[in-house]
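# Results of the structural survey
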Amino acid sequence: MPAPSPSTDTPTPATTTVVAHHRYGPPEVLVAERAPMPVAGADEVVLAVEAVAVSRAEAAFRAARPAVARLATGLLRPRRPVLGGDVGGRVLAVGAGVTHLRPGDRVLAQTGIAMGGYARHLRAPATAVLPVPDGVPTPEAVALAEGGSTALPFVRDHARVRPGTRLLVNGASGAVGAAAVQLAAHLGAEVTGVCSTDHVELVRSLGAASVVDRTRTPLEALAGPYDVVLNAVGTSSFRRCRHLLAPGGSYLTTVPGAGILVRTALRPVLRGPLLRGPLGGRTAAIAFTGLRPAADRLADVRHLLDLAAAGAVRGVVDRTWPLEEAAAAHAYVDTGRKAGTVLLLP
Ligand SMILES: NC(=O)c1ccc[n+]([C@@H]2O[C@H](COP(=O)([O-])OP(=O)(O)OC[C@H]3O[C@@H](n4cnc5c(N)ncnc54)[C@H](OP(=O)(O)O)[C@@H]3O)[C@@H](O)[C@H]2O)c1
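Residues numbered from 1 in each chain as written. Predicted model: local features only at pLDDT ≥ 70, side-chain atom pairs only at ≥ 80, totals over all residues. Heavy atoms only, no water.

## Let's talk about the pattern of salt bridges
This is how the line gets drawn: By convention in these notes, a salt bridge is any Lys or Arg side-chain nitrogen within 4 Å of a carboxyl oxygen on Asp or Glu. Only protein chains enter the area calculation, which uses a 1.4 Å probe; residues under 20% of their type maximum are buried, those over 50% are exposed, and those in between are partly exposed. Helical segments are the DSSP runs of H or I of at least four residues, strand segments are the runs of E of at least two, and each set is numbered from the N terminus.
All chains considered together, the criterion is met by twelve salt bridges. Between Asp157 and Arg156 there is a salt bridge whose closest N-O contact spans 2.7 Å. For Arg156, a relative accessible area of 33% corresponds to the partly exposed category. With a shortest N-O distance of 2.6 Å, Glu220 and Arg240 are connected by a salt bridge. In this pair, Glu220 sits in the loop between strand S11 (210-213) and strand S12 (226-231) while Arg240 sits in helix H6 (residues 238-241), placing the two residues 20 residues apart along the sequence. Classification of Arg240 by relative accessible area gives partly exposed; the value is 30%. Each member of the salt-bridge network shares a partner with another, and the members are Arg156, Asp157, Arg292 and Asp300.

This is how it looks when you write it as C-alpha cells:
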C-alpha cells in the first residue's frame, strides 16, 4: 500500500469527527462521534471537508421514509451510517497513483451511494473529485452540485429544453427547482416558476420570466400552454397538470407517485402514431438521475462548475449549520420549505 503524501508540516491527528446514525428515526438519531483519521489509498484522496449538502434524499434515508428505502439503505439498520454525498473541501493528502490533484487543491467530491460526507475528513476515490474553479465559492459549488446534478439531466436530456421552450417548474425554489430554472433560462427557455410568496424574488432572480405565487394562484387556475411541466418537488400530479400542457407536451417529475412508473413505461406507445392523435401526445415520465453512471454524473458536475465560473448559474445556499448540529439541519430539511441547499460547515 503506497503511503499518502502529507500536505503540510502540521502533524495529522489520529482521529476525526463524523456525524452518524446507527438507527432510523427522527433527526436526533444523528450523533457526532470520533472516527479514525482516514488514510488515502493509492487512487484516493483525503479531504478536509468545508461544506457538505444535506439533501432531501438523505433526510429520507435517515428516517427510512418510505419504508421501501430500507432495501437500498439497510433492512434493520443503516448500512452506511455517515450520510453526505455532495462535499466540498481542500485536498489534505493524495495516494501515489493520483496525478490530477495535489494537497491544498480546492475540490468538490460526489461520493454518491458511498456517502461519508458528514465528517471533518473524508476519504474519496480520486475519480469522484474535481477541482472547483476560481471565483466559485466552495459552499456554492456544493449547492450547485446537489441541485444541478438532478436538474441538468432533466432539463437537457428529458425536457430537451431549447431556445423558446415554454417550461413551468413547480417547486422552483427547491434545490432541484432553483437549478432547473437557471439552466433552462440559460438555454433560452421561457421559464415560469411556481413557489410561495417568500421565494418569489429569489426565483425571479434565478431567471424565471414569470413567477406564480402558489399561495395565491393554484395550478388549476393557470392556463399554459407549456411544452414541459417539471414537477421538481412532487406536489403536483400529472392529472393536476395535464391541462397546462401543449399538444405533444411532457410532464416530468423527480418524485415517484402512483401511476407515474406505469405512465413512464407507456410513454413510447402514447407518443406513437396510434394514440398521439386522440390523446394529444401529452405524456408523463419520471427519471432517476442518481442511478446514472458515476462518470456521467461527474461530467455533469464539471459542466455545472464551468457554467458557474462563467457566471451563467449559481449555487443557492439556504441555511448552514456546524457539523455537530446536523440534527437541526435535518429538522429544517424535513419541513420541506428549504430554498436551495442546506449545508453543514465542519
Ligand atoms: N428523481 C431523482 O433522481 C431525484 C434526485 C434528487 C432529488 N429528487 C427528489 O426531488 C424532490 C425535490 O428535491 P429538492 O431538494 O429540490 O427539494 P427541496 O429543496 O426540499 O424543496 C423545497 C421547496 O419545495 C417547495 N414546496 C414545498 N411544499 C410545496 C407544495 N405543496 N407545492 C409546491 N412547492 C412546494 C418549497 O418552495 P415554496 O415554499 O417556495 O413553494 C420549498 O422551497 C425531493 O423529493 C427529492 O427526493 C429526485
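Further notes follow.
## Points about the side chain of Thr165
Operational definition: Definition of a polar contact: a pair of N or O atoms within 3.5 Å, with one able to donate and the other able to accept a hydrogen when the atoms are protein atoms, and with sequence-neighbouring residues admitted only if both atoms are side-chain atoms. We call two residues in contact when some of their heavy atoms are within 4.5 Å.
Its location among the elements puts Thr165 in the loop between helix H3 (138-158) and strand S9 (166-170). Side-chain polar atoms of Thr165 contact the backbone nitrogen of Arg162, separated by 2.8 Å. Not counting the four nearest positions on each side in its chain, Thr165 is found in contact with Arg160, Ala189, Glu190, Asp227 and Val228.

## Brief notes about the environment of Ala246
Take Ala246: it is sitting in strand S13 (residues 245-253). Residue class for Ala246 comes out buried when judged on its relative accessible area of 6%. In this structure the C-alpha to C-alpha distance between Ala246 and Asp227, which are 19 residues apart in sequence, comes to 5.5 Å. The residues touching Ala246, leaving out its near neighbours within four places in the chain, are Arg166, Pro225, Tyr226, Asp227 and Arg282.

## A look at the pairing of S13
The following threshold applies: Two strands are said to pair when DSSP picks up at least two bridges between them.
When you tally the buried positions in S13, you get seven out of nine residues, the bulk of the element. Bridge count between S12 and S13: five bridges; the pairing is parallel. Among the inter-strand pairings, Asn231 is bridged to a residue of S13, identified as Thr253. Taken together, the four bridges between S13 and strand S14 (residues 283-286) define a ladder with parallel strand orientation. Within S14, the residue paired with Thr253 across the bridge is Ile286.

## A few points about the domain arrangement of the protein chain
In plain terms, the rule: How far each domain reaches was decided by an automatic or database domain assignment. In this description, buried area is defined as the sum, over both parts, of the accessible area (probe of 1.4 Å) that is lost when the two are combined. Only Asp, Glu, Lys and Arg are considered charged, only Ala, Val, Leu, Ile, Met, Phe, Trp, Tyr, Cys and Pro nonpolar, and every remaining residue, Gly among them, polar.
According to the domain assignment, the protein chain consists of domain 1 (5-131 + 316-345) and domain 2 (146-289). The interface is formed by eleven residues belonging to domain 1 together with 13 residues belonging to domain 2. Between domain 1 and domain 2 lies a buried interface of about 830 Å² when both sides are counted; carbon and sulfur atoms form 48% of it. Interface area lost by domain 1 to domain 2 is led by Val316, Arg337 and Ala339, which between them contribute 47%. Between domain 1 and domain 2 we count zero salt bridges in total. Here domain 1 and domain 2 share four residue pairs in polar contact (both at pLDDT 80 or more) between them. Among the residues forming the side of domain 1 that touches domain 2, the class breakdown is three nonpolar, four polar and four charged.

## Considering the site of the ligand
The following threshold applies: Being near a molecule or strand, for a residue, means having at least one of its heavy atoms within 4 Å of it. Each accessible area is a Shrake-Rupley result for a 1.4 Å probe, and residues are judged covered by the shown protein chains and nothing else.
Taken together, the neighbourhood of the ligand is formed by 25 residues, with Arg56, Ser196, His199, Arg214 and Lys338 sitting nearest. Between the ligand and Thr289, the relevant distance is 2.8 Å, taken from an oxygen atom to a main-chain nitrogen or oxygen of the residue. Contact with the protein chains hides 84% of the accessible area of the ligand, taken as 930 Å² for the molecule alone. Every element with two or more residues in the shell around the ligand is listed here: H3 and helix H4 (175-186).

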